[in-house]
Amino acid sequence: MSDSLRVNVPANTASPSPLARVPAPRSEVPLGPACATVALDLYRPGTLRDVERTAAATRPAHALMARAGAAVAEWLYGRLPALASAGRQPVLILAGPGNNGGDAYVAACELHRRGVLVEVWQLAPPTADDARWALANALAAGVTVRAAPDIWPAASAYAWIVDGLFGIGLSRPLEGAAAALVENIAYAHRQGTPVLAIDIPSGLAAATGVAAGSVIRADVTMAMLGACPGLFTGDGRDYAGEVLVATLDADDALTAARTALPDGSLITTSAPNAFLAHLPQRHHATHKGSYGSLAVLGGHEGMVGAPLLSSRTALMTGAGRVYVGFVAHDAPAWDPVHPELMLRHAENLDLATMQAVAVGPGLGTSAASAACLSRALALDHTPLVIDADALNLLAAEPALAERVRRRAGPTVLTPHPLEAARLAGCDVARIQSDRLASARALAQHFGATIVLKGSGSIVDDGTHAWINTTGNAGLATAGTGDVLTGAIGALLAQGMPATQAALAAVWLHGRAAERCVCAGAGPAGLTASELLPAIRAELADLLNEVTPVTPLTQSPGGSRTDPP
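The numbers attached to residues start from 1 for each chain and follow its sequence in the written order. For this predicted model, a pLDDT threshold of at least 70 governs which residues receive local features, and a threshold of 80 or more governs which side-chain atom pairs are given and counted, while totals over whole chains, interfaces and linings are taken from all residues. In computing side-chain values, all of the structure's heavy atoms are included and hydrogens and water are not.

Looking at this model, I keep getting lost on the UniProt feature "binding site: AMP" (unreviewed entry) in the protein. Mind explaining?
UniProt positions are given in the numbering used here, feature names are shortened, and annotations may be inferred rather than shown by experiment. The feature "binding site: AMP" (unreviewed entry), as annotated in UniProt, sits at Lys453, Gly454, Ser455, Gly456, Ser457 and Gly481 in this numbering. These annotated residues cover 29 residues of sequence, and their C-alpha atoms all fall within 14.4 Å of one another, placing them together at a single site. Helical segments are the DSSP runs of H or I of at least four residues, strand segments are the runs of E of at least two, and each set is numbered from the N terminus. The topology assignment puts Lys453 in the loop between β16 (449–452) and β17 (458–460). When accessible area is computed with a 1.4 Å probe and restricted to protein chains, residues below 20% of their type maximum are described as buried, those above 50% as exposed, and intermediate ones as partly exposed. A relative accessible area of 13% places Lys453 in the buried class. Should any heavy atoms of two residues lie within 4.5 Å, those residues are counted as being in contact. If sequence neighbours within four positions are ignored, Lys453 has contacts with Asp387, Thr414, Pro415, His416, Pro417, Arg435, Gly481 and Leu484.

The structure is reproduced here in structure tokens:
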């Protein structure tokens, strides 16, 4: 687990101690190897409840809740404005009926003891023993607790709002008084009041990231014990903000739960340690043939730009030679932007000589398009990336889909939700209702590595799922999917295993968008072409992390000398 995502509270929480800084907003993510963190284990809600029971059984009564509330108070205390720290501007804490509300009562008590003016709005009396204990302690300490009012007092009345309404066990949309309260919080948030959510923003589905009905929009979410997948995919990234994890000194229970998971249940965030060892290294005694030949097939009439984007990206991602095979007969003969590319009609490419093939960008769904895909599928052992209209052809023609299932070579499919719905024979809502389950079903059906694109793209090889946490809204523009296809194809051509190639390309693709936005390009108005040099820069950072480059030095006389 990355240190930037971990918050632990010492056993004695009577005095403040520094905690991990909240990660920078995604528009300010630091560039270069320093951001290459390790993957974060993710847990489904049922597993976390088991962890909580296991940890509680070996600890004093109420110990976990005491640590959780103290973690919230300690993190928040260090980020309060001066007026709030001096007890002159209140912090509002919302408490629900369950243990999430209990954590909120403990946090309120801890802040009150430090001189912070605290108001607790109670949605309903506590129903759990631990929460009743926490409420009793808060009242005994002099914390003000009252029923949540129907009307919001003032837009800027509070320094912070802490959401302790509902935790990871919520399984239905909010309604009634809870929904009305959340709408009031949304109003205050829009007016600039920051929000910290305990465990998960109330109303957000912890397992899936689905936001149905009223949902708290948090600036920061502090997950207790471990983080759930819903914080990182679907609507989760928009509602959770930055995510911190307080393990509550229960690493033993977390390790035991992780070990006990059935095969195929592993879920982690994607990070370079998942693919770094497989990145193709560059050596002096090599040539263009050392880094593979990739063919990009597509480009029906009116869509020749799509395979050009893919193939240009492949060059920037290190492929030794890149060929473009157009379905359109009036396609360009050369690319003035990248004359290094070799452009052909698709039927004139010798696919048997390629180390990898990417098919689909701008392919269309005509008879000629289907014939082009069929030629690619005839390569039984060549690594293959299937995207865009090639996926639509698979959905429309079961015989082609069956050939994918029978392939001996590695296959990567990169559907967006609509393409995934067509492949699965359902609607987009069904896919988005459980993105992890949808990706797993497609991976197992096709015997392929699936990249289910979208916010929190999921990579699934049928036995392990990764959720990618790089990227931003700048990627919501035409052509970015073609860029991703080219990056995956280039890494496959250089010999990376299919799953690691997909993980690396998706991660680099997102980091490139972040790099562009940091440089002032977007997110609104960012174009797919602008990602290409950023992908190259991100790849260089990763490769330099594996094999650092020693710079040449200057001798006293001013001439260049080799490093010692």
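For this particular structure, what's the right way to read the nonpolar core?
Looking at soluble globular proteins, one finds that nonpolar side chains tend to be buried together. Among buried residues, the Ala, Val, Leu, Ile, Met, Phe, Trp, Tyr and Cys ones that are joined through side-chain atoms within 4.5 Å form a nonpolar core. Core analysis: the biggest nonpolar cluster contains 106 residues, and Ile386, Leu394 and Leu413 have the highest contact counts within it. Broken down by element, the residue count for this core peaks at 8 residues, all from helix α2 (residues 63–77). Not counting the four nearest positions on each side in its chain, Leu413 is found in contact with Ile386, Leu391, Leu394, Val404, Leu423, Phe446, Ala448, Thr449, Ile450 and Val451. Core analysis: the next-biggest nonpolar cluster, separate from the first, contains 42 residues, Val322, Leu343, Ala505 and Leu508 among them.

What is the right way to look at the sheet that holds strand β15 (residues 411–413) in this model?
The strands that make up a sheet are held in pairs by hydrogen bonds between backbone atoms, and each pair lies either parallel or antiparallel. Taking strand neighbours across the sheet as the criterion, the 10 strands line up as β9-β18-β17-β16-β15-β14-β13-β10-β11-β12 in an open arrangement whose pairing is mixed. Edge positions in the sheet fall to β9 (266–269) and β12 (342–345), since each has one partner strand and no second. Looking at each pair of strands side by side, their axes are set apart by 20 degrees on average, direction ignored. Whether two strands pair comes down to DSSP finding at least two bridges between them. Note: strand β13 (residues 356–359) against strand β14 (residues 384–386), 3 bridges, orientation parallel. Note that in β14 the partner of Val357 across the bridge is Leu384. For helices, the fitted axis covers only the stretch in contact; all axes are lines through C-alpha atoms, and the angles between them, taken along N-to-C directions, range from 0 to 180 degrees.

Even after reading the chapter, I still don't get helix α15 (residues 435–446), so can you show me in this structure?
For an α-helix the count is 3.6 residues per turn, leaving residues at separations of three or four pointing the same way. Here, expected helix span is obtained from the residue count minus one, scaled by 1.5 Å. If you check α15, its first and last C-alpha atoms are 17 Å apart, about what 12 residues at 1.5 Å a residue would give, namely 16 Å. Inspection of α15 places Arg435, Leu436, Ser438, Ala439, Arg440, Leu442, Ala443 and Phe446 among the buried residues, and these make up the whole buried set. Following α15 by one or two positions, Gly447 has its phi on the positive side, about 60 degrees.

What is the right way to read the pairing of strand β7 (residues 220–224) from this model?
Side-chain positions along a regular strand alternate between the two faces of the sheet. Burial within β7 is extensive, with 5 of its 5 residues counted as buried. Neither face of β7 is left uncovered, since the one carrying Val220, Met222 and Met224 and the one carrying Thr221 and Ala223 both have all their residues buried. As paired elements, strand β6 (residues 195–198) and β7 share 3 bridges and run parallel to each other. Following the sheet pairing, Ala197 is matched in β7 by Thr221. Pairing between β7 and strand β8 (residues 242–246): 5 bridges, direction parallel. Residue pairing for β8: Met224 is matched across the bridge by Ala246.

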